Amino acid sequence: MKTICNVCRKRTDIGKPDIRTEGDLEIQYITCPSCGQEYIVAVTDPGLRKQIKSYDRLQQKIKNGNAAVGVYRKAEELHQENVMRCQQLIAQYLGIE
Ligand SMILES: [Zn+2]
């Protein structure tokens, strides 16, 4: 994945994010190889990680083709909830809330 660093304006290949933990939080981040600026990709707490696992299980069911009709909607709802929760946690983590 190519992106332009907000800080040094260099186009960089960011590759796979790194993960570090701070208390209950797991911080997924990438570091600009040119200037070292860090970008937060995702922040998860134990509750959100549990929800993500539930979502993965639903996705697995769908992939295997043995999901009931309601499962598709449930998976979609769960995904939206997880994305929103992740945005909240990022905002809190960065202290902009
Ligand atoms: Zn940079």
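Rules behind the numbers
- Residue positions within a chain follow its written sequence, with the count starting from 1.
- Where local features are concerned, this predicted model is filtered to residues with pLDDT of at least 70; where side-chain atom pairs are given and counted, the filter is 80 or more; whole-chain, interface and lining totals use all residues.
- For each domain, the first and last residues come from an automatic or database assignment.
- Contacts are defined on C-beta atoms placed from the backbone: any two residues whose C-beta positions lie within 7 Å are in contact.
- Labels follow the DSSP assignment, with helices taken as runs of H or I lasting at least four residues and strands as runs of E lasting at least two, numbered in each case from the N terminus.
- Amino acids are sorted into nonpolar (Ala, Val, Leu, Ile, Met, Phe, Trp, Tyr, Cys and Pro), charged (Asp, Glu, Lys and Arg) and polar (every other residue, Gly among them).
- Being paired, for any two strands, means DSSP has found at least two bridges between them.
- Lines fitted to C-alpha atoms define the axes, with helix axes restricted to the stretch in contact, and inter-axis angles between N-to-C directions lie between 0 and 180 degrees.
- Relative orientations are named as follows: roughly parallel for angles under 35 degrees, roughly antiparallel for angles over 145 degrees, roughly perpendicular for angles from 65 to 115 degrees, and oblique for any other angle.
- By definition, turning the near helix anticlockwise from the far helix through less than a right angle yields a left-handed crossing, and turning it clockwise yields a right-handed one.

Draft legend 1. Here's a closer look at the domain arrangement of the protein. Along its sequence, the protein is organised into domain 1 (1-43) and domain 2 (45-97). The partner domain 2 presents eight residues to the seven residues of domain 1 that form the contact. Sorting the residues of the side of domain 1 that touches domain 2 by element identifies β4 (25-31) and β5 (38-44) as the ones contributing at least two each. Of the residues in the side of domain 1 that touches domain 2, the class split is five nonpolar, no polar and two charged.

Draft legend 2. Representation of the sheet that holds β5 in the model. Overall, antiparallel pairing links the three strands, which are arranged β3-β4-β5 in an open sheet. Looking at which strands have only one partner, the edges of the open sheet turn out to be β3 (18-22) and β5. Neighbour-to-neighbour, the strand axes of this sheet turn through a mean angle of 30°, independent of strand direction. Sheet contacts for helix α2 (residues 69-94): β4 and β5; angle to β5, the most-contacted strand, approximately 125°.

Draft legend 3. Region of the structure containing the packing of helix α1 (residues 46-64) against α2. Where α1 contacts α2, the two axes come as close as 9 Å, and the packing angle between them is 150°. One way to sum up the angle between α1 and α2 is to call them roughly antiparallel. Crossing geometry of α1 relative to α2 is assigned as left-handed. For the pair α1 and α2, contact is made by L48, Q51, I52, S54, Y55, L58, Q59, K61 and I62 and by V71, Y72, K74, A75, L78, H79, E81, N82, R85, C86 and L89, respectively. Of the residues assigned to the contact of α1 with α2, the class counts are 11 nonpolar, five polar and four charged.

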